[in-house]
Amino acid sequence: MDYQVIRKPKTEGPQPEPQLPAPGASCDGSIWQALQEELSWLPGGFLNKAHECIDRHALGPLAGKTALIWEGKNGEIETYSFADLKRESDKFANVLLSLGVEKGDRLFMFMERVPELYIAFFGALKVGAVVGPLFSAFGPDPVRDRLADSGARILLTQPALRRRIAEVLPDLPRIQHVIVANKGSRDAEPLLAGDLSYEDLMSTAPVELEIAKTNMFDHSVMHYTSGTTGKPKGAVHCHQAIIQQYATGKWVLDLHEDDVYWCTADPGWVTGTSYGILAPWSNGVTQVVYEGGFKASAWYEVIERHKVTVWYTAPTAIRMLMKAGAEVPKHYDLSSLRHILSVGEPLNPEAIMWGLPVFKQPIHDSWWQTETGAILISNYASMDIRPGSMGKPIPGIQAGILDDHYNPLPAGRDGHLAIRPGWPSMFRTYWSDPEKYNSRFRKGWYITGDRAYCDEDGYFWFLGRTDDVINTTGHLVSPFEVESMLLEHPAVAEAGVIGKPDPLAMEVVKAFVALKDGYEPSDQLRREITGFARKKMAALVAPREIEFLPSLPKTRSGKIMRRLLKARELGLPEGDTSTLEED
Ligand code: AMP
């Protein structure tokens, strides 16, 4: 088969050499052994992500180097050196100790992208707590579910977000302390009774701290991710993941000492944590955090103002930049950009081709998941890109394509994308659901839930999901979670949710709804249910479309047949309907 190939053009001026391991580098696990030695470790062989990302730099020649350039949504700019982040996170760790937080306790953060989030993230790791960042656009229901499931003891939030979830906090008796950070809160109100002020706590916190002796298998970070059945599951990562986050920062993001790096993802999703916190800082690199949302001109401005050199973003964002037009970027100096990457959804070849004249270089796709903790398949800076392909497995990773019995298939055949377990950033459990965790492993492989094929040259090509999980703007949405929420509306008797293809967002959430007796379909009711969903969940995951049906197709055991709803929506063959319950 002939593939189109794009080679990164040589740009003017000195370019750093890509930091790939030597050609032919071992693809077995021994490569990780060598990398472990590039980290500092704590005396006695202990490992802590906060030490690797912050303290080791703050205690060495990089102490005064800018670690964080923060640009607030109102244009404020603050900078923090590695020494600043060490001091502040040591203080926050002491705050947590004074509140009785112990190793293994869960601290969740429901925050915008403000410096306090990053400081608290490391402070919590320094006392051995497990950190769970939540997406700040969530409504009360997803926040309640995640806090309840994780048994979080501490919640760090901000005034407006605190107000948004006020109604569900009484359902969460295991939360012992709500800490409210006032950053950027022009609408600041007096604290509610029982809440603690971040600023007050920090103002008296001691600076001296002895970091917790966490070992490499101690839990450190958890992210909830969507499946097709049941509520989202908390994928738990260990401190050991830093080995691979560091390695992929070097190999895939191609981070070098003088880079200014910008990851556009929110830490509520795994990319914003693994690559918006851990990878750049474990590499001692300066990173930009932009609190604002998407706006083409504002994004180009961020690149120009901070002279961003390495940029990690997502296909939907690139498609939105395309939509804004090729004229807009001409008003900005984007010449600082040296390397551009994308993740979260298939990067369509049109997006790469559009980016070539705009950025004077191709965008590099990378593939991974919440469960994998770090990039596993990617296009390296030094590699010829085949537009539309996710690239090749990184050294140390063995990826395979399996048939339905989980046996390997040869090149060119479609099947389950699977990975040989044991990579350092692999998730170690789903919180309180070991059965579900075990179900992800078959015949010595981790089954990713994606369908793909591998060509004769070892490039992997994404084909779709093997389940009903919806990917909207790079965020996985559980149809079950949306259906459960819709059923809480007084008019809804049944709900079935599918992903409907969309040129911009890849998929949008579409809900089919059967109404209870006494309710009639109307535009008014459709708007009301949409508003209800947006308030309870988040605009992002709430159904974009609602269609009323007299009843929904179900199996004889009563399960809504989403597959059939989708086939009917797309005008595709209905497939096997032998289990369909006749009305
Ligand atoms: P999450 O766990 O939320 O990070 O989502 C992971 C899922 O996003 C993967 O299992 C894929 O379905 C999808 N995904 C991530 N990266 C890519 C990519 N480069 N190409 C296609 N799909 C991707």
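Everything numeric here is computed off the predicted structure, so don't read it as measured data. (Residues numbered from 1 in each chain as written. Predicted model: local features only at pLDDT ≥ 70, side-chain atom pairs only at ≥ 80, totals over all residues. Heavy atoms only, no water.)

Draft legend 1. Region of interest: the sheet that holds strand β2 (residues 77-81). An order of β2-β1-β11-β10-β12-β13-β14-β15-β16 is seen for the 9 strands of this open sheet, with the pairing classed as mixed. The strands lining the two open edges of the sheet, one partner per strand, are β2 and β16 (392-393). As paired elements, strand β1 (residues 66-71) and β2 share 5 bridges and run antiparallel to each other. Bridge pairing in β2 places threonine 66 opposite serine 81. Taken strand by strand, helix α4 (residues 115-126) contacts β1, β2 and β11 (286-290), and its axis lies near 20° from that of β2. Those strands touched by helix α9 (residues 270-282) are β1, β10 (260-263), β11 and β12 (310-313), and its axis lies near 165° from that of β10. (Pairing = 2+ DSSP bridges. Helix = DSSP H or I, 4+ residues; strand = E, 2+ residues; numbered from the N terminus. Contact = heavy atoms within 4.5 Å. Axes fitted to C-alpha atoms, helices over the stretch in contact; angles between N-to-C directions.)

Draft legend 2. Quick peek at the site of the ligand. For the ligand, the set of nearby residues contains 18 residues, the closest of which are Asp365, Ser366, Gln369, Thr370 and Asp450. Within the backbone of glycine 344, an N or O atom sits 3.2 Å from a nitrogen atom of the ligand. The contact in question runs from a nitrogen atom of the ligand to an N or O atom on the side chain of aspartate 365, over 2.9 Å. Surface burial for the ligand is 95%, taken as the share of its 500 Å² of free accessible area covered by protein chains. At the level of elements, β14 (363-367) and β22 (460-465) are the ones that each hand at least two residues to the shell around the ligand. For the shell around the ligand, the element with the highest residue contribution is β14, accounting for 3 residues. Class assignment for the residues of the shell around the ligand results in 8 nonpolar, 6 polar and 4 charged. (Near = heavy atom within 4 Å. Polar contact = N/O pair within 3.5 Å; in protein donor to acceptor, adjacent residues only side chain to side chain. Areas by Shrake-Rupley, 256 points an atom, 1.4 Å probe, with all protein chains shown as cover. Nonpolar A, V, L, I, M, F, W, Y, C, P; charged D, E, K, R; others polar.)

Draft legend 3. View of the packing of aromatic side chains. One pass over the structure, following the stated rule, counts 28 aromatic pairs. Here the aromatic rings of phenylalanine 108 and tyrosine 224 are separated by 6.3 Å at their centres, their planes lie at 55°, and the arrangement is tilted. Taken together, the positions of phenylalanine 108 in strand β3 (residues 106-110) and tyrosine 224 in strand β8 (residues 219-225) put the pair 116 residues apart, joining distant regions of the chain. As far as the burial class goes, phenylalanine 108 and tyrosine 224 line up, both buried. Here the aromatic cluster, defined as three or more aromatic residues joined through ring pairs, consists of Trp262, Tyr290, Phe294, Trp299, Trp311, Trp354 and Phe359. Between arginine 56 and the ring centre of tyrosine 246, over which it is positioned, the NZ or CZ distance is 5.7 Å. Directly above the aromatic system of tryptophan 445 lies the positively charged group of arginine 420, at a separation of 3.9 Å from the ring centroid. (Phe/Tyr/Trp six-rings, centres within 6.5 Å; stacked < 30°, edge-to-face > 60°. Buried < 20%, exposed > 50% of the residue type's maximum accessible area, 1.4 Å probe, protein only. Lys NZ or Arg CZ within 6 Å of the ring centre and 35° of its normal.)

Draft legend 4. Highlighting the pairing of strand β27 (residues 545-548). Residues Ile546 and Phe548 of β27 are buried on one face, while the alternating residues Glu545 and Glu547, pointing to the opposite face, are not. Looking at chain direction, strand β26 (residues 506-515) and β27 are connected through 4 bridges and run parallel. Within β27, the residue paired with lysine 510 across the bridge is glutamate 545. The parallel pair β26 and β27 is bridged by helix α15 (residues 523-536), and the resulting crossover is right-handed. (Right-handed = clockwise from strand over helix to strand, strands pointing away.)

Draft legend 5. Quick peek at the environment of leucine 253. Its place among the elements puts leucine 253 in the loop between α8 (242-251) and β10. Judged by relative accessible area, which is 0%, leucine 253 ranks as buried. As for leucine 253 and serine 366, which are separated by 113 residues in sequence, their C-alpha atoms are 9.7 Å apart. With residues near it in sequence (within four places) discarded, leucine 253 still touches Thr248, Tyr261, Tyr275, Ala279, Val310, Tyr312, His339 and Leu341.

Draft legend 6. Here's a closer look at the packing of α8 against α9. Here α8 crosses α9 at 80°, and the two axes come no closer than 8 Å. In terms of orientation, α8 and α9 fall into the roughly perpendicular class. Two secondary-structure elements touch here, α8 through Ile242, Gln245, Tyr246, Thr248 and Gly249 and α9 through Ser274, Tyr275, Leu278, Ala279 and Ser282. For the contact of α8 with α9, the per-class residue count stands at 5 nonpolar, 5 polar and no charged. (Parallel < 35°, antiparallel > 145°, perpendicular 65-115°, else oblique.)

Draft legend 7. Inspection of the nonpolar core at higher detail. Core analysis: the largest hydrophobic core is formed by 102 residues, its most contacted members being Phe92, Phe122, Tyr275, Trp281 and Tyr312. The element that contributes the greatest number of residues to this core is α4, accounting for 8 residues. Leaving out residues up to four positions away in the same chain, tyrosine 275 has contacts with Gln245, Thr248, Leu253, Tyr261, Cys263, Val270, Pro280, Tyr312, Trp368, Ala374 and Ile375. Phe108, Phe135, Met222 and Ala542 belong to the second largest nonpolar core, which has 45 residues in total. (Core = buried A, V, L, I, M, F, W, Y, C linked by side-chain atoms within 4.5 Å.)

Draft legend 8. Here's a closer look at α15. Taking 1.5 Å as the rise per residue, α15 with 14 residues should run 20 Å; its terminal C-alpha atoms sit 20 Å apart, in good agreement. Those residues of α15 that are buried lie in contact with α5 (140-150), α14 (479-487), β25 (492-502), β26 and β27. (Expected span 1.5 Å × (residues − 1).)

Draft legend 9. The arrangement of the side chain of glutamate 71 in detail. With respect to the helices and strands, the residue glutamate 71 is situated in strand β1. Polar contacts involving the side chain of glutamate 71 include one to the side chain of arginine 305, which spans 2.7 Å. At a separation of 2.7 Å, a polar atom in the side chain of glutamate 71 contacts the side chain of histidine 306. Setting aside its immediate chain neighbours within four residues, glutamate 71 contacts Glu76, Ile77, Val289, Tyr290, Glu291, Val302, Arg305 and His306.

Draft legend 10. Fine view of the pattern of salt bridges. Tallied over the entire structure, the rule returns 42 salt bridges. Of the charged contacts in the structure, one is a salt bridge between arginine 87 and aspartate 84, with a shortest N-O distance of 3.2 Å. Placement of both arginine 87 and aspartate 84 in helix α3 (residues 82-98) is noted, with a separation of 3 residues, approximately one turn of the helix. Residue classification places arginine 87 among the partly exposed residues on the basis of a relative accessible area of 35%. One salt-bridge network, held together by shared partners, links Asp141, Arg144, Asp145, Lys231, Glu488 and Lys536. (Salt bridge = Lys/Arg side-chain N within 4 Å of Asp/Glu carboxyl O.)

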